[in-house]
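Single-letter residue listing:
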Amino acid sequence: MDRKPFVGVSTYLVDASWSDWRDRRVALVPQRYTDYVQDSGGIAVLLPPDAPERAPEVLARLDALVIAGGPDIDPAYYGQPAHPLSDTDAVERDVWESALLRAALAAGMPLLGICRGMQVLNVVCGGTLIQHLPDVVEVDVHAGSPGRYGEHVVRPVPGTLLGGLLPEPELTVPTFHHQAVDRLGTGLRVSAHAPDGTVEALEGPGFTLGVQWHPEQGEDLRVMEALVRAATASRALQLEPLEVG
């Protein structure tokens, strides 16, 4: 019987408290990410930060990769000093997620970067980021408010992978970010914009997709369902028996 594809979801290390325990170091990701994978037909597998050299071995056991949202990647990765408002206290994540993305790109694995995940994808491919959007946009609709997602319109680019998944001229999405793509990474192209010109999605070869918004916070499953389909198809190709003459 065909199994559902295993979709790896990156996690992060934080200090948390629960029950009788206080300030314990944990690896976590919001449940909306795992729900998003499961509701779309995949099996969610959580990936805590690990040694970067283990990334290819980890991905060899998976069918697709999701890099979740979170704090800013250290701008040293793209050769810039940190903005005063940059949140760069995620050293383990920066190293691990960069390694995961490089391994996934090398293997041609279907992958989805969400918010921070899209930004890390762009940086891994040699691109740069705008470190604080309010410095360059007149009205900031992207950041939401503390503890609450905002929403704004995005416009998919026709003829792109994303434009095929979301064919409407524009849609309203959940959003929470203060950084965005600046110089595009090698091999990537823009596949959605906000009305203010901010890059809202990018994509590369095969099923390589990044979205700047948070689809896991909404009800629209189309992007994740497409990742699950791509993972299923990729697995079928890998398992297809060889013809022996």
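Every value quoted in this text rests on a predicted model; they were computed, and no experiment measured them.

Attention shifts here to the sheet that holds strand β8 (residues 150-156). Strand pairing in a sheet relies on backbone hydrogen bonds. The paired strands run either parallel or antiparallel. The 9 strands lie next to each other as β4-β1-β5-β6-β13-β12-β11-β8-β9, forming an open sheet whose pairing is mixed. Only two strands of the sheet have a single neighbouring strand rather than two, namely β4 (43-47) and β9 (171-175). If you compare each strand with its neighbour and ignore which way they point, the axes differ by 30° on average. Bridge count between β8 and β9: 5 bridges; the pairing is antiparallel. Note on β9: the bridge partner recorded for G150 is T175. Set on the sheet, helix α1 (residues 31-39) makes contact with β1 (6-10), β4 and β6 (111-114); between it and β4 the angle comes to about 145°.

A few words now on the side chain of D72. Assignment of secondary structure puts D72 in the loop between β5 (64-67) and α3 (91-107). In this structure, D72 is buried with no salt-bridge partner, the nearest side chain bearing the opposite charge being R116 at 6.9 Å. Of note is the side chain of D72, whose polar atom sits 2.7 Å from the backbone nitrogen of D87. There is a polar contact of 3.5 Å between the side chain of D72 and the side chain of Q179. Those residues within four positions of D72 in sequence are excluded, and the remaining contacts are L85, S86, D87, T88, D94, R116, H178 and Q179.

Every buried residue of α1 is listed here: Y33, T34, Y36 and V37. All buried residues of α1 fall inside an arc of 155° around its axis, so they share one side. Those residues of α1 that are exposed and aimed more than 90 degrees away from the buried face are Q31 and D39. After α1 finishes, the residue G41 shows a positive phi value of roughly 100°.

What follows covers the environment of H177. Along the chain, H177 turns up in the loop between β9 and β10 (180-181). In this structure the C-alpha to C-alpha distance between H177 and R32, which are 145 residues apart in sequence, comes to 17 Å. Ignoring anything within four residues of it in the chain, the contact list for H177 reads C115, L133, H142, A143, H152, T198, E200 and Q212. One polar contact links the side chain of H177 to the main-chain carbonyl oxygen of Q179, over a distance of 2.7 Å.

We now examine the pairing of β5. By the alternation rule, side chains of β5 split into A64 and V66 and L65 and I67, which are all buried. With 3 bridges connecting them, β1 and β5 associate as parallel partners. Note on β5: the bridge partner recorded for V9 is V66. One ladder, built from 3 bridges, connects β5 with β6; its direction is parallel. If you follow I67 over to β6, its bridge partner there is G113.

This next bit is on the side chain of H142. In this fold, H142 is placed in the loop between β7 (129-130) and β8. For H142, the side chain forms a polar contact with the side chain of D196, separated by 2.8 Å. Not counting the four nearest positions on each side in its chain, H142 is found in contact with L133, H152, T175, F176, H177, A194, D196, T198 and E200.

A few words now on the environment of R235. For R235, the position within the fold is in helix α6 (residues 222-239). Classification of R235 as partly exposed rests on a relative accessible area of 24%. Distance from R235 to F6, taken between C-alpha atoms, is 9.9 Å for residues 229 residues apart in sequence. If sequence neighbours within four positions are ignored, R235 has contacts with R3 and D63.

Two elements in contact, α3 and helix α4 (residues 116-124), have axes whose closest approach is 10 Å; the angle formed by their N-to-C orientations is 65°. Classed by the angle they form, the pair α3 and α4 counts as roughly perpendicular. Here the hand of the crossing between α3 and α4 comes out right-handed. Across from R93, D94, E97, S98, L101, R102 and L105 in α3, the residues of α4 making contact are R116, G117, V120, L121 and V124. For the contact of α3 with α4, the class distribution of residues is 5 nonpolar, 2 polar and 5 charged.

Criteria and cut-off values
Residues numbered from 1 in each chain as written. Predicted model: local features only at pLDDT ≥ 70, side-chain atom pairs only at ≥ 80, totals over all residues. Heavy atoms only, no water. Pairing = 2+ DSSP bridges. Helix = DSSP H or I, 4+ residues; strand = E, 2+ residues; numbered from the N terminus. Axes fitted to C-alpha atoms, helices over the stretch in contact; angles between N-to-C directions. Contact = heavy atoms within 4.5 Å. Buried < 20%, exposed > 50% of the residue type's maximum accessible area, 1.4 Å probe, protein only. Lys, Arg positive; Asp, Glu negative; His and termini not counted. Salt bridge = Lys/Arg side-chain N within 4 Å of Asp/Glu carboxyl O. Polar contact = N/O pair within 3.5 Å; in protein donor to acceptor, adjacent residues only side chain to side chain. Arc of directions from axis to C-beta. Parallel < 35°, antiparallel > 145°, perpendicular 65-115°, else oblique. Left-handed = near helix turned anticlockwise from the far one by under 90°. Nonpolar A, V, L, I, M, F, W, Y, C, P; charged D, E, K, R; others polar.

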